[in-house]
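As a plain string of letters, each chain reads:
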Amino acid sequence: MKSLQLKATNSQIWLSLVYKLMLSICIIISLIVQFGQGIQLSAFTTKTPRITKYTTKSPASSSINHDATTSIYRFNATNGITCILISVDGLISIKYRNKLNEDVEADLYLPDNPILSGECEESNMEILTLEFKGFKLTMIFRKSSGGEGWYINQFKLDYSSSNSIFEHIDRPDIDVKLTSPSRTPMYFPTPVGKSYVCDKEQKVVMYAPDDSGDQSGHIAHLYLRDLHMQSFMFKESGKWGPSFHCSATGSYRDETAPLAVGTALAVAVLLIISGYGGWRYFKIKKVQYGSME
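Residues numbered from 1 in each chain as written. Predicted model: local features only at pLDDT ≥ 70, side-chain atom pairs only at ≥ 80, totals over all residues. Heavy atoms only, no water.

The name recorded for the chain in an unreviewed UniProt entry is Lysosome-associated membrane glycoprotein 5, from Glossina fuscipes. Taken directly from UniProt, the Sequence similarities (unreviewed entry) text for the chain runs: "Belongs to the LAMP family." (UniProt positions renumbered as here; feature names shortened; annotations may be inferred.)

Listed below in structure tokens is the structure:
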């Protein structure tokens, strides 16, 4: 009789432990799922307004059917067919030092009607340059080695440190030449025939290379919002190709939460199987021991 009571007590203890273990795992999984939902929902939040010295850009006459702050740049090849098309709300912020030895910033928006120049004759490279207010912004487009994709290989920014946008600058009369880092050779990679679309603000850093001999010490940040861009078009219609969305848009999916949930479930299954196996082992051992009596 005591043997049966002991076995019943052991069974209840094991069942209680397994139940508490499963309950704890369920609570942990629930917390992980809630955390994962918070991560994924953050990808759908509205974009943070850009904070600069200027609150808004004046609406452009060319912005029909587009946001009032975006500008459209269309560059055609010699045959008149569009090869590069860009729609963007762009800002250049340049950090420099003034005569009081203070680090300050000067901001200027990409205008609606800059002087456009470039090259579209090369089969694997295209160049677009925007000139405005004494600044020259150049973008170099290239095709991937296999020719199946296009991307921006480099950004360049040229200007004089005596430009009126710089107030009380410490080093005037310097021809400044800034470039994007060579260690980031591929910006906005996109399949050929498609247009790159991104509603999250993209930032490109430009500074003087170490071997350039530039003494300005300037650093520029190019901010690109509501970006829609395509190169190597050569379409008579001059219209966008199918959209290729960047990974940070609303279709973004963070894999951290699913991975964590899957791992937790796997651990839970192993623990339950191990607990049940241990309970069965001791139960059988007790029954065999009791039979020997």
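So, next bit.
Trainee: Is there a simple way to think about the nonpolar core in this case?
Mentor: In summary, soluble globular proteins display a tendency toward joint burial of nonpolar side chains. In terms of nonpolar packing, the biggest core is built from 45 residues, with I86, I92, F141 and L157 touching the most fellow members. Residue contributions to this core peak at seven residues, all from strand β2 (residues 82-97). (Core = buried A, V, L, I, M, F, W, Y, C linked by side-chain atoms within 4.5 Å. Buried < 20%, exposed > 50% of the residue type's maximum accessible area, 1.4 Å probe, protein only. Helix = DSSP H or I, 4+ residues; strand = E, 2+ residues; numbered from the N terminus.)

Trainee: How do you make sense of the pairing of β2 when you look at a structure like this?
Mentor: The side chains of a regular strand alternate, residue by residue, between the two faces of the sheet. Of all the 16 residues making up β2, 14 are buried; the element is thus mostly covered by neighbouring parts of the structure. The turn joining strand β1 (residues 71-76) and β2, which pair antiparallel and follow one another in sequence, is formed by five residues; a positive phi near 90° is taken by G80. Of the strand pairs in this sheet, β2 and strand β12 (residues 219-235) are connected by 12 bridges, and their pairing is antiparallel. By the bridge assignment, T82 is partnered in β12 with K235. Relative to strand β3 (residues 103-109), β2 is paired through seven bridges, and the arrangement is antiparallel. For R97, the partnering residue across the bridge sits in β3 and is D103. Here β2 hands over to β3 after five residues, with N101 in that stretch at a positive phi of 65°. (Pairing = 2+ DSSP bridges.)

Trainee: Which parts of the structure should I look at to understand the pattern of salt bridges?
Mentor: Pairing is possible between side chains of opposite charge, provided their charged atoms come close. Under the counting rule described, the total for this entry stands at two salt bridges. Across the pair D103 and R97 runs a salt bridge, and its minimum N-O distance is 3.0 Å. Take R97: its relative accessible area is 34%, and that puts it in the partly exposed class. In this structure, R171 engages D170 in a salt bridge whose closest nitrogen and oxygen atoms are separated by 4.0 Å. Judged by its relative accessible area of 39%, R171 is partly exposed. Given a relative accessible area of 29%, D170 falls into the partly exposed group. (Salt bridge = Lys/Arg side-chain N within 4 Å of Asp/Glu carboxyl O.)

Trainee: Sorry, what's going on with the side chain of E126 here?
Mentor: Checked against the element boundaries, E126 lands in strand β5 (residues 125-132). Buried charge without a salt bridge: E126, with K143 as the nearest opposite-charge side chain at an N-O distance of 7.3 Å. With near-sequence residues (within four places) excluded, E126 lies in contact with C83, I84, E119, C120, M139, I140, F141, S231, F232 and F234. (Lys, Arg positive; Asp, Glu negative; His and termini not counted. Contact = heavy atoms within 4.5 Å.)

Trainee: Help me understand the environment of T69, please; the structure alone is not making it clear to me.
Mentor: Looking at where T69 falls in the secondary structure, it is placed in the loop between α1 (2-42) and β1. Taking the C-alpha atoms as reference, T69 lies 9.5 Å from R225; in sequence the two are 156 residues apart.

Trainee: Honestly, the side chain of S161 in this entry has me stumped. Any pointers?
Mentor: Structurally, the position occupied by S161 is in the loop between β7 (149-160) and β8 (175-179). Among the polar contacts listed, one links the side chain of S161 to the backbone oxygen of R171, at a separation of 2.8 Å. Here the side chain of S161 touches D173 through a polar contact of 3.2 Å, landing on its backbone nitrogen. Beyond its immediate chain neighbours, meaning those up to four positions away, S161 contacts F166, I169, R171, P172, D173, I174, V176 and H218. (Polar contact = N/O pair within 3.5 Å; in protein donor to acceptor, adjacent residues only side chain to side chain.)

Trainee: Sorry, what's going on with the state of the cysteines here?
Mentor: Chemically, a disulfide is nothing more than a covalent bond linking the sulfur atoms of two cysteines. Inspection of every chain in the model, using the stated rule, returns two disulfides. Residue pairing for C83: its cysteine sulfur links by disulfide to C120, the two sulfurs lying 1.8 Å apart. The sign of the S-S torsion, about 50°, decides the handedness of the disulfide formed by C83 and C120: right-handed. Here the residue C83 occupies a position in strand β2, and C120 occupies one in the loop between β4 (115-119) and β5, the gap between them amounting to 37 residues. Here C83 falls in the buried class, since its relative accessible area comes to 0%. Take C120: its relative accessible area is 4%, and that puts it in the buried class. With its sulfur 2.1 Å from that of its partner, C198 forms a disulfide with C246. Across the S-S bond linking C198 and C246, the dihedral sits near 70°, which makes this disulfide right-handed. Of this pair, C198 sits in strand β10 (residues 195-198) while C246 sits in the loop between β13 (243-245) and α2 (256-292), placing them 48 residues apart in sequence. Assigned by exposure class, C198 and C246 land together as buried. (Disulfide = S-S within 2.5 Å.)

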